[in-house]
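Remarks on the overall topology
Letter by letter, the chains look like this.
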Amino acid sequence: MNRKALLWAICVLLYAMQLPFAVAIIIVAVNPDFSAEIVRGIAIASASLCVLVVALCILNIATAVKDYLKGQKYCPYATTAKVKLALIPFFIINFVIWAFFWLGTLNMFLIWAAPAVWVISLFTTYVFMLGGGVQNISYLIRRFRDEGNIKYLVFAVLHFVYIADVIAAVLAYLDGRTSLNKARQPQ
């Protein structure tokens, strides 16, 4: 699969996964007596899309590792920066949705589920974040290995940290554009 198409597919499917949850929360907030079967169906649809997105993120990670091992020179900076910026609203909404689940476990009947909710929410969110930036990480590590410039390693490490990953993706893109422009200018 094309690397750009894979990143954009992850982006689109993340929003598609989130939409049923957002609709269910709004429906239940407006009408608490709403049909439990419909809410359950919405949850199953979202969970199914979540499994698909996690699989695509794992595929993207495997692709990036394979690219690194083969020494491919594809520069993913532009696509990764665009996808990371496009996903900012997703991660904000994601946090709000998981906050509702976390709050739901703070009663004496569901407190036993709180650790599972925390682990699932943190794991999936991290996989989504990492899956969107792994192509950059692979390319940055290769550039660090080839050129020895520490900024590439710093950019790569920042891709593993929430919020800093977006900043690192944009900085890597801007740095790549600057380097390309310098290389094109006549001496």
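Description of the structure in this document. What you see is a predicted model, and the numbers here were worked out from it, not measured in a lab.

A separate point is the layout of surface pockets. The calculated volume of the largest pocket comes to roughly 390 Å³. In terms of lining, the largest pocket is formed by 17 residues, of which the most central are Phe91, Ile92, Thr125, Tyr162 and Ile163. Listing elements by their share of the lining of the largest pocket, those giving two or more residues are α4 (88–104), α5 (114–147) and α7 (164–184). With seven residues, the single largest contributor to the lining of the largest pocket is α4.

Counted according to the given criterion, the structure contains one cavity of 30 Å³ or more. Here the largest cavity defines a volume of roughly 50 Å³. In terms of lining residues, the largest cavity is bounded by Arg3, Ala64, Asp67, Tyr74, Pro76, Gln135, Ser138, Tyr139 and Arg142. Among the elements of the structure, α2 (36–70) and α5 are those that each provide at least two residues to the lining of the largest cavity. Of all the elements, α5 adds the most residues to the lining of the largest cavity, at four residues. Taken together, the residues of the lining of the largest cavity sort by class into four nonpolar, two polar and three charged.

Let us look at the packing of aromatic side chains. Taken as a whole, this structure holds eight aromatic pairs when the rule is applied. An aromatic cluster of at least three residues, connected via ring pairs, comprises Tyr15, Phe90, Phe91 and Phe128.

Where α2 meets α5, the axes come as close as 9 Å, and the angle between the chain directions of the two elements is 10 degrees. Between α2 and α5, the angle falls in the class roughly parallel. In this structure, α2 contributes Cys50, Val53, Val54, Cys57, Asn60, Ile61, Ala64, Asp67 and Tyr68 to the contact, and α5 contributes Thr124, Val127, Phe128, Leu130, Gly131, Val134, Gln135, Ser138, Ile141, Arg142 and Arg145. Grouping the amino acids of the contact of α2 with α5 by side-chain chemistry returns twelve nonpolar, five polar and three charged.

Reading guide: rules and limits
Residues numbered from 1 in each chain as written. Predicted model: local features only at pLDDT ≥ 70, side-chain atom pairs only at ≥ 80, totals over all residues. Heavy atoms only, no water. 1 Å grid on protein atoms, 1.4 Å probe; cavity = no way out; pocket = protein on both sides within 12 Å on 5 of 7 lines; lining within 4 Å. Points joined across faces, edges and corners; volume = space filled by probe spheres on them. Helix = DSSP H or I, 4+ residues; strand = E, 2+ residues; numbered from the N terminus. Nonpolar A, V, L, I, M, F, W, Y, C, P; charged D, E, K, R; others polar. Phe/Tyr/Trp six-rings, centres within 6.5 Å; stacked < 30°, edge-to-face > 60°. Axes fitted to C-alpha atoms, helices over the stretch in contact; angles between N-to-C directions. Parallel < 35°, antiparallel > 145°, perpendicular 65-115°, else oblique. Contact = heavy atoms within 4.5 Å.

So yeah, pure geometry; function would need other evidence.
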